[in-house]
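# Examining the three-dimensional arrangement
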Amino acid sequence: TVGKVYYFAPNDIAFEVGDGAIVETARGLEYGDVVTANKEVPQSEIVGTLKPVVRKANAKDKEKHLKNEKRKAECMVKAREKLKDVEFTFDGSKIIFYFSSESRVDFRELVKDLASIFHARIELRQIGIRDETKMLGGLGPCGRACCCNQFLKDFERVSIKMAKTQGLSLNPTKISGLCGRLMCCLKYENNHYTETARLMPKVGSEVVTPDGRARVESVNLLKKSVLVKIVNGDAVEFKTF
């Protein structure tokens, strides 16, 4: 699953893409994968105080990280009925379970049970349906793996207006993803469709063509073409320009 990218001060340590790094976060000690080698970053891209890395991950750190990943499966077997995903802080002192529910859920007894089983601090976090799909993944209506699970770092706002602008069916089953919300990909080409739509005449409007005045029947934003109806006496002709 694609996670968010955070910047840390390298602390005079040279990092390459693919290296592991041990960092201190609000959740405790964490293991992170290096996705960008050492470089200068504009202050505008840094949120809050830039914290230094603790160290470059060594062989033991990587081994421990892999063990934590394997423990996820064990945890999920015990709580699969209610929980969607689980994460460990690097030092294993804290386990974070994610659950999805439309209403408030009292998990106090479950927290006690999990704490006694794993001998660690337990934290439960409620997530939305889009976050759940991002964690679990699956195949979208297009037949490809869900974008949110593969490469999207954040969810951007998607509206029904985008589907209208692109001339798509407004049937919810046609434009909704596995999460039941509007598909994230509606956003990808929306700027192109919006800008092109501004240049095209509106359906139903009158336009002047080389063959005279005509009424716009439909527009094709991808081809930037217009189908018009030309009436000349009793003769009716449809042409594309």
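For the structure given in this document, a descriptive report is provided here. (Residues numbered from 1 in each chain as written. Predicted model: local features only at pLDDT ≥ 70, side-chain atom pairs only at ≥ 80, totals over all residues. Heavy atoms only, no water.)

## Notes on the side chain of T133
Structurally, the position occupied by T133 is in helix 3 (residues 129-136). Looking at T133, the relative accessible area reads 11%, which means it is buried. Each residue touching T133, except ones within four places of it in the same chain, is listed here: C146, C148, N149, L178 and C179. (Helix = DSSP H or I, 4+ residues; strand = E, 2+ residues; numbered from the N terminus. Buried < 20%, exposed > 50% of the residue type's maximum accessible area, 1.4 Å probe, protein only. Contact = heavy atoms within 4.5 Å.)

## A closer look at the sheet that holds strand 2 (residues 28-33)
Here we have three strands laid out as an open sheet, ordered 2-1-3, and antiparallel in their pairing. The sheet terminates laterally at strand 2 and strand 3 (55-56), the two strands that pair on one side only. Looking at chain direction, strand 1 (residues 20-25) and strand 3 are connected through two bridges and run antiparallel. By the bridge assignment, I22 is partnered in strand 3 with R55. (Pairing = 2+ DSSP bridges.)

## Focus on the environment of E195
Relative to the elements of secondary structure, E195 occurs in helix 7 (residues 190-199). For E195, a relative accessible area of 44% translates into the label partly exposed. Put simply, E195 and L221 are 26 residues apart on the chain and 9.7 Å apart in space, counted from C-alpha to C-alpha.

## Section: the sheet that holds strand 10 (residues 235-240)
Read across the sheet, four strands follow the order 7-8-9-10 without closing on themselves; strand pairing throughout is antiparallel. Each end of this open sheet is capped by a strand with a single partner; those strands are strand 7 (206-209) and strand 10. The mean angle between the axes of side-by-side strands here comes to 40°, regardless of whether they run parallel or antiparallel. In terms of strand pairing, strand 7 meets strand 8 (residues 212-220) through four bridges, oriented antiparallel. Paired with V208 across the two strands is R213, which belongs to strand 8. (Axes fitted to C-alpha atoms, helices over the stretch in contact; angles between N-to-C directions.)

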